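Commentary on secondary and tertiary structure
Each chain, letter by letter, is given below.
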Amino acid sequence: MTMPATVINEDNAATSTVHGIFKVVLYGSSESSDMAGWTVTLKLNADAYGSDNTRESNTPCKSVDGDPFTDDESVVSTGTNSFTFTCDGHLAATSVVVATTSYKDLAEIVVAGHVWSKYPCPAGKSSPTGTFSLVGVSESCQECAKGSYQDLAGQKFCRPSKYVLQTATDKEFSTYSDASSFSYTMAPSGTIHDVVVYNINFDDYSSTATSSSGTESAATGSCASTLAGYQDANCVKKIENAQVKLTADSVENPYNIEGTNDGTSRRDQTYTVKLSSELAGVTSVAFSQSFILAELLVYSAPTSTLTDKYNDETGATEPKTCGASGFANAQFTACEMCPVGQEKKDESGNIQCGDCAAGKYRAADFDGGCRDCEAGSISEATSGSCNKCEIGKKENGQRTDCTACEAGKVAKTEGSTECTACSAEGPLYYANSGNTACETCDEGKVPNADQSGCKECPAGQYRDSEVTDCTDCPSPKYSTSAASPTCSVCEEGKKPNDDRTDCVECPVGHYRTTAEKVCTPCGDDREYAAPGSPSCTKCDVGHVPNSDKSGCDPCPVGMYRGADDMKCLVCPAGENTEGKTGQEQCVKCPQGKETKTINGEEGLECVDCAVGFFSAVEGTATCVECVSPKVALTTGQSECVLCEPGMGWTSSSTCEICPAGKRSKDGLCVDCTFNEITKLEKQTECTRCEKHYHSIEGQSSCLKCDDPEPEKTMKDSTNELQWQKCVADLGPACEKQTVDGVYGTFVDIPFMRAGNEEVRECQFDPDPKPMATFKCEIVDEKTDSAKLVAHYDCIKTPNTGEIEKLATEPQGEITPEKTEEIANSLKDLTSTAGASSGIGDVEAAADVIGVIADAPNDVSEAATENLVSAVNSLAGGNLETEDMAKKEEISKKMVNNLKKIAQKTAVTNKLVKSANIAIMKVKPDTSEGAENKGYSFVLPDPKDLNKLDQSGGGGGSETQQPSIAIQSSSAAGMSVVLLTGDAFFPSEKTGKLPAGEPDSVTTELFADLEDDLGLDNGTETVKYVNSVVLEIDIGEQEPGFVLNLYIKPNFQVGDTSKNLKRIDDKRVQIRYQCAWYNDEKFEWVADGCDTIYDSNQPTGGVVCSCTHNTSFAVLMAAEEIDPGYIEVQSMLSRILLAGSIVGLIATIGLILPASAIVTTRSAKVNICFSIALLIASLLFFIQDFLIKDDNSGIIKLKSTGCIVYTMLQHYMWLVVFMWTIIEGFLMYLSLVQVFGSHISHYMIKFNALAYGVPIVFPLAGYFAFTRKVTVAGVEVVDHQYMAETMCFLKPGTINFYALFFGPLVLSIMVNLVFFFLVLKVIRSSKNSNLSDKEQLLRQLKAAVGVMVLLGTGWVIGVFMNVPAPGMQVSLQYVFIIVNASQGMFVFLFYVVLNDAVKNFWLEKFGLKTAAPKSGTGASTATNVYANASASGANKDAEHTYSSAAEFPAKRDDNANL
């Protein structure tokens, strides 16, 4: 067909439809028109070929002179006049693009084509039919997926990328017969996927060609000259009954070729045989048919598992080939590379990864084959890289190994291929050991023969930089060793030998200087010259010349020679040379040794003292024998000691075991005294005979007291102590005895009966002497036994006088050195006394410390340590005395002087400590926030301050919880003194804390306290100092000063299960209390210190917040936590509350169903009040079941549940108080104001008021009064909101008075106003039918009812703080009876005495006839209740009491309550 000519330049313009264009003819305007350089391109349909498929979207038409379907034909026009382009007629073209530089010679364009019903899918796509249609059929071509491709048009499938065109008959057959059948042999065999057959188009041959003659080269193209000819069946012969035969494993597999493929190219028909499953091992492909074969395409894959064909894009028209070392993955969508050191090998199509040979390599990132290593580098097989030959070696030429250079040659760089000779560089060069470089021989050496190293010049020769050969040393020089670069001059005292190889010493008695060549004899006989001496010298001290004057010999052991001595002398007695020779002087023998002459020598040596002997001082010539009762059981003793306990002295060197009847005392075995025995040997104490038994001295058994009157019968026959014991066993008496104590030995205190006493003068006190009283006191009334008890008014001990002497030093003469001397002496004196120290020693030591503290100089660290050690010893002594005034004065002096020492010590920010006392001076800290830092200490054992370590804010380790922390509001410096107990803080009101396990201590404390509580007689209970005592001095204090201390008590009282106990009818709890020591009253005082601790953390510490600085400690005391008789009161409360709860439930249950009553305002308010009171009563009632004071209940004390329960109880009681105010207000409106009492939405307002206002109080109470107190980083929770032993507000606190007691008082005051106003109305109510007495009784009843309902009974609680105990108990019972029974009163007045409620239920159960409606009878009421209930427009049951009957009390004709 002929289409309208369309001339188009580079800008595409689409035709109106789609055509199969097979010919385009360009005509010029004349025969000479230039038609060269034109191109014609078909723009293809985007739906079929894809707008982005640039490969197919622009298909050029070719010159008609040749085969238009071969790639080598021209696509550019030539010649003049006209030119014909042949196009692929089966492609769906939308545009014909004609391109040229000029259109001036173009006259016409003729386009020939046909609109096909189907078009073949282009290469790179497929469809189920191999074609697509643009008209009426929804069939399209799909791009081949990744990993597949299609190189032919009109195909129904895309083949996997591994199948490639193995071979083809891509040639022109010379005759028709050549193309009628064809066979192809596959070498090697492969796997066939599909075979494509093209048949010949007769248009390629001349019109006269026949099936047996005609040649392809004679083609004229006559078939396609017209459209009809193009479509003629004779032009393209179709295949019929053709077969493709595949031979595999010697088996021929035929595949029939059936039908005609519609979507073929113009020139031929295409037939594709796709195997249903691939066929492996195919060796030949054959084709047979009578028609003419144009081309046979075989698509196969090698038999190997790998292939290098892939496609990583869709729509591929041919497979891609992986790089030289790549192979396709299993999906053929990408390439993978052979492992490092391998390359891809293709052996006749079989792909595999093969090893790189030695000398070759392939790197991991190289997509190519194995490459040769560069020259000078080598590799092993399968290498991924090559390594250069190291220096000193060369590559072997095959690049497979490196060989060492020959002797004398080197390879100086890596990767060398040749070695160079060192001889070329000079006569002194040689190849080093690694053949890496040529080096010159060091001086003293020359190269060897093959220049592979250097040889040394022999001894006696040298070579320096000036010569190239070894040369003899010139005289008088020498070289002692081979390889000498120079010759050396012999040193003084020596000369060269004959071989010049060494120097020899000058002979004895000769010397040589550097200026001389020969050795010269010494000229002075006092000198000596040893061999090789440069001069003659004198012997050193401690030495003398030897016999031939060749040197000096040391003085022997035990002898010496000084500078002025001419010979060695024997050491003086008691001295030695410590086993050394050549000493200038002798030294003293140490303690425990003496001197004796060394065997066979003149000198002295030190030897151990023999057994039984000792030497106490250095330089002892002869040891001294020990004197009884002390011994020296081993040699070398510096002192004699007592025999070990249970043994006694027999000689200066031996001890014996004390036999039965004896004990060891002061190193001797002594007889047990009268009435004491030892049944076994080696005893340290004698055991007193049992009751009614006695003994003489030195016995191992006791005798029975047989006589009933031993004083009469035994007095003459036994020792006085024997009968005295028998007497004492019959009744309380004390035997004659000697008392050893701190204040001396009091001999022969006489026998006395109980109640008698002996008074003796104190032995060491000055006149007038105080007295020591020895009383015979009954110690156990059950056993009727007595004991002699000493009561000392004594002050001084045997050691006191020695300590006092230290304080007599005049102050002006005390230097720092003297201070250390005095402190050391005080330490020695007090440590010797130890536990025998008394209060007089403390006074004397305090005076000594005062003298040191008042001296002008600071106290050194050594002196401070000695003073602390001295006070430590005193604190562990027996400081008891009956003279309390004196003891208080002495203790005050000691504490004050200790504070002075802490202030004057030169040691700052460091603890000076001992077991019982520690001090620290803290420098002022002026840094920002210093007042918030503080200091904290860890103390694992509160009885041993040696283990005290600083931590926390003050530095040190923070891994352990601090035991003590100090923080003040001032950043000034401070002095701190810590003591383990209250030895220096006497008080008659504190007791000594028992020792033992916590449970036993608690039991003992309660047992002691039970007798001392004195709850009814006004006496105070015993208190115990239960912590380290801190004496703190911060100096001048600013206004608002606060000192916070964190102290862990020594004894943990535990939780309430441990520290709470009922004694009689009282609950008593052991609690902590912060206190400071008042040194004027000499007692511990709690005023001025707040005590804060979390009882829920029984192992925690106590915070003491004080407003001054002095001595502080945590006390432990028992306190009564409940005033009154708790058990009886609790039982009474539970009974009355139970009745109230029942009454409230009954009230609510009986009023709510009465619709006529419940709708009134008063009834609604009463119900709300009853509900609130019921909830509050229930919470209080069940508290005893949920919460236990010993913390064993379901809800634990101080827990979150307890907090919620406390806040809920607090809230509900405030709600009850609010409803009582509303009740009072409503009574006032109904009975007093009456008129004008309308309130809109009153119940909403009343409920909002009752439940809204109180909620603020518990929230404010908990969050405002529960806080964390921090001291130097240690936190303690202060629970001020909750009580200790129940889940309720803490009594006696600010929050209790402000948030509970205050609202209570306010509600009582308001309700009292309402009560008196209502009471006035009640008093004015008269009923003429009643007598005055009846009238009074009814009014009284009404008044009581109003009082109870308004909660005015709570006013009793205001007066429960009256100090008189009897009054308190009485008011407690009244308070419980009135308020715990409030619910029963509500039931009484709201139900029992309310006719309206009673009548409702009587009528409900048919027990009473309904009363006539109001208004049917006359009313004679003339009082306010009648006014309030008057008929007419003023009555409003929702806002006022309609009558007095509505008021919760019994009425009588509306005249009274």
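All of these numbers come straight from a predicted model, not from anything done at the bench. (Residues numbered from 1 in each chain as written. Predicted model: local features only at pLDDT ≥ 70, side-chain atom pairs only at ≥ 80, totals over all residues. Heavy atoms only, no water.)

So, about the side chain of Ser 1170. If you trace the backbone, Ser 1170 turns up in helix H16 (residues 1161-1186). With a relative accessible area of 0%, Ser 1170 lands in the buried category. In contact with Ser 1170, other than residues within four places in its own chain, are Leu 1144, Thr 1147, Ile 1148, Val 1386 and Tyr 1390. (Helix = DSSP H or I, 4+ residues; strand = E, 2+ residues; numbered from the N terminus. Buried < 20%, exposed > 50% of the residue type's maximum accessible area, 1.4 Å probe, protein only. Contact = heavy atoms within 4.5 Å.)

Within strand S3 (residues 39-44), five of the six residues are buried, leaving the element largely enclosed by the surrounding structure. Judged from the six bridges that link them, S3 and strand S7 (residues 93-99) form a sheet pairing that is antiparallel. Each residue of the ladder has a partner; that of Lys 43, found in S7, is Ser 95. (Pairing = 2+ DSSP bridges.)

This part takes up the confidence of the model for the protein. A residue-level look at the protein finds 80% of positions with pLDDT of 70 or above and a mean pLDDT of 78. Segment residues 1-16: pLDDT under 50, and 34 contacts once partners within four positions in sequence are set aside and those in other chains are kept. Confidence drops under a pLDDT of 50 for residues 952-958, and excluding neighbours within four residues, the segment shows 15 contacts in the predicted structure. (pLDDT = per-residue confidence, 0-100.)

It is worth spelling out the sheet that holds S3 at this point. Pairing is antiparallel in the open sheet, where three strands are placed in the order S4-S3-S7. Taken across any chain shown, the strands that pair with only one partner, and hence form the sheet edges, are strand S4 (58-60) and S7. This sheet shows a mean twist of 30° between the axes of neighbouring strands, independent of strand direction. In the sheet, S3 pairs with S4 via three bridges, with the strands oriented antiparallel. By the bridge assignment for S4, Lys 43 is matched with Asn 58. (Axes fitted to C-alpha atoms, helices over the stretch in contact; angles between N-to-C directions.)

Attention now goes to unusual backbone geometry. Looking along the chain, the bond that leaves Ser 628 and enters Pro 629 is cis, with omega of 10°. You can see Pro 629 is positioned in the loop between strand S56 (624-625) and strand S57 (630-631). For the bond running from Asp 767 to Pro 768, omega is -10°, close enough to zero to count as cis. The residue Pro 768 is located in the loop between strand S71 (757-761) and strand S72 (771-780) in this model. The residue Asn 909 is not glycine, and still its phi comes out positive at about 55°. Residue position: Asn 909 is located in the loop between helix H11 (884-904) and strand S74 (912-913). For Phe 1082, which is not a glycine, the phi torsion comes out positive at approximately 55°. Within the secondary structure layout, Phe 1082 lies in the loop between strand S85 (1066-1078) and strand S86 (1083-1085).

We now examine the sheet that holds strand S87 (residues 1089-1092). What the six strands build is an open sheet, ordered S77-S76-S78-S83-S88-S87; its pairing is antiparallel. Across the chains shown, the open sheet's two edge strands, defined by having one partner strand only, are strand S77 (949-951) and S87. For this sheet the average axis-to-axis angle between neighbouring strands, irrespective of direction, equals 20°. In this sheet, S77 lies alongside strand S76 (residues 935-938) in antiparallel orientation, the contact comprising three bridges. Paired with Ser 936 across the two strands is Ser 951, which belongs to S77.

This part covers a negative patch on the surface. On the surface, Glu 439, Asp 442, Glu 443 and Glu 466 cluster together to form a negatively charged patch. Inspection of the secondary structure puts Asp 442 in the loop between strand S36 (438-440) and strand S37 (445-447). By relative accessible area, which is 51% here, Asp 442 ends up exposed. (Patch = residues over 30% accessible without salt bridge, like charges linked within 9 Å, V, L, I, M, F, W, Y side chains within 5 Å. Areas by Shrake-Rupley, 256 points an atom, 1.4 Å probe, with all protein chains shown as cover. Salt bridge = Lys/Arg side-chain N within 4 Å of Asp/Glu carboxyl O. Lys, Arg positive; Asp, Glu negative; His and termini not counted. Charge placed at Lys NZ, Arg CZ, Asp CG, Glu CD.)

Another aspect to go through is the packing of aromatic side chains. The full count for this structure, using the stated rule, is 18 aromatic pairs. Both rings, one in Phe 746 and one in Tyr 792, keep their centres 6.1 Å apart while their planes meet at 40°; by these two values the pair is tilted. Here Tyr 792 lies in strand S73 (residues 785-792) and Phe 746 lies in strand S69 (residues 744-749), a separation of 46 residues in the sequence. Exposure class is identical for Phe 746 and Tyr 792. Each is buried. Taking the centre distance of 5.8 Å and the plane angle of 55° together, the rings of Phe 1181 and Phe 1185 count as tilted. On the criterion of helical spacing, the pair formed by Phe 1181 and Phe 1185 is a turn pair, its members being four residues apart in helix H16. The side chain of Lys 274 reaches across the aromatic face of Phe 157, ending 5.5 Å from its centre. Sitting over the ring of Phe 366, Arg 371 keeps its end group 3.8 Å from the ring centre. (Phe/Tyr/Trp six-rings, centres within 6.5 Å; stacked < 30°, edge-to-face > 60°. Lys NZ or Arg CZ within 6 Å of the ring centre and 35° of its normal.)

Okay, helix H18 (residues 1242-1252) next. Taken residue by residue, H18 has Tyr 1242, Met 1243, Phe 1246 and Ala 1250 as its buried positions. Along the axis of H18, the buried positions cluster into a sector of 90°, meaning they face one direction only. (Arc of directions from axis to C-beta.)

Every buried residue of helix H19 (residues 1256-1265) is listed here: Pro 1258, Gly 1261 and Tyr 1262. The buried side chains of H19 occupy one side of the element, clustering within an arc of 90° when seen end-on. H19 presents Val 1256, Phe 1263 and Ala 1264 as exposed residues on the side facing more than 90 degrees away from its buried surface.

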